[in-house]
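A structural walkthrough
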Amino acid sequence: MPSLDVINAALTRIGEPPVTSLTGSSVSVKITNENYEPLVEAHLSVYPWKRATKIEQLSRLDPDEEGEPPDPWTAAYQLPEDLTDIRTVKVDGYPIPYEIHGDTILCDA
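1. Focus: the layout of surface pockets
With a probe scaled to a water molecule rolled over the atoms, the places where space remains empty come into view. Roughly 1000 Å³ of volume is contained in the largest pocket. As for the largest pocket, its lining consists of 30 residues, and the residues nearest its centre are K54, I55, I86, R87 and T88. Secondary structure elements with two or more residues in the lining of the largest pocket: α2 (27–46), β3 (90–91) and β6 (104–107). A total of three residues in the lining of the largest pocket trace back to one element, the largest contributor, which is α2. Taken together, the residues that form the lining of the largest pocket break down as 17 nonpolar, five polar and eight charged. Roughly 350 Å³ of internal volume is contained in the second largest pocket. Around the second largest pocket sit 15 residues that line it, and I7, A10, T32, Y36 and L39 are the ones nearest its centre. For the lining of the second largest pocket, the secondary structure elements donating two or more residues are α1 (4–13) and α2. Looking at the lining of the second largest pocket, the element that brings in the most residues is α2, giving nine residues. Residue classes in the lining of the second largest pocket are distributed as ten nonpolar, four polar and one charged.

Here it is in structure tokens:
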């Protein structure tokens, strides 16, 4: 739930009147409802928080169904749907080179 204190602090800094709720049809409410959550998520993903991290086994994409990965890569894996940031890709506990391409990770493993 967005904090009205934070929202009103931002609104008053740009010369807009404060709001008492996030329901209604005012421009301030519409802009807040469209932008608050994506902005909070973007700012939280900038810092490498340990609390929100997880380790996940990736699913390799079948080259017969999805096509071969582009050169110079030899393998493609599906990114998790809930991913906001990726820190590293590891094989047997060791980081490997990779590239993100759309919703896939390209690598040589």
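2. Topic: the pairing of strand β2 (residues 75–78)
Where strand β1 (residues 59–60) and β2 come together, two bridges link them in antiparallel fashion. The residue bridging S59 from the neighbouring strand is Q78, located in β2. Summarising the sheet, β2 and β6 pair through four bridges and their orientation is antiparallel. Across the sheet, the residue bridging to Q78 is T104, located in β6.

3. Things to note about a negative patch on the surface
Residues D62, D64, E65, E66, E68 and D103 make up a contiguous surface patch of negative charge. Residue placement: D62 occurs in the loop between β1 and α3 (63–66). Given a relative accessible area of 33%, D62 falls into the partly exposed group.

About the thresholds
- Residues numbered from 1 in each chain as written.
- Predicted model: local features only at pLDDT ≥ 70, side-chain atom pairs only at ≥ 80, totals over all residues.
- Heavy atoms only, no water.
- 1 Å grid on protein atoms, 1.4 Å probe; cavity = no way out; pocket = protein on both sides within 12 Å on 5 of 7 lines; lining within 4 Å.
- Points joined across faces, edges and corners; volume = space filled by probe spheres on them.
- Helix = DSSP H or I, 4+ residues; strand = E, 2+ residues; numbered from the N terminus.
- Nonpolar A, V, L, I, M, F, W, Y, C, P; charged D, E, K, R; others polar.
- Pairing = 2+ DSSP bridges.
- Patch = residues over 30% accessible without salt bridge, like charges linked within 9 Å, V, L, I, M, F, W, Y side chains within 5 Å.
- Areas by Shrake-Rupley, 256 points an atom, 1.4 Å probe, with all protein chains shown as cover.
- Salt bridge = Lys/Arg side-chain N within 4 Å of Asp/Glu carboxyl O.
- Lys, Arg positive; Asp, Glu negative; His and termini not counted.
- Charge placed at Lys NZ, Arg CZ, Asp CG, Glu CD.
- Buried < 20%, exposed > 50% of the residue type's maximum accessible area, 1.4 Å probe, protein only.

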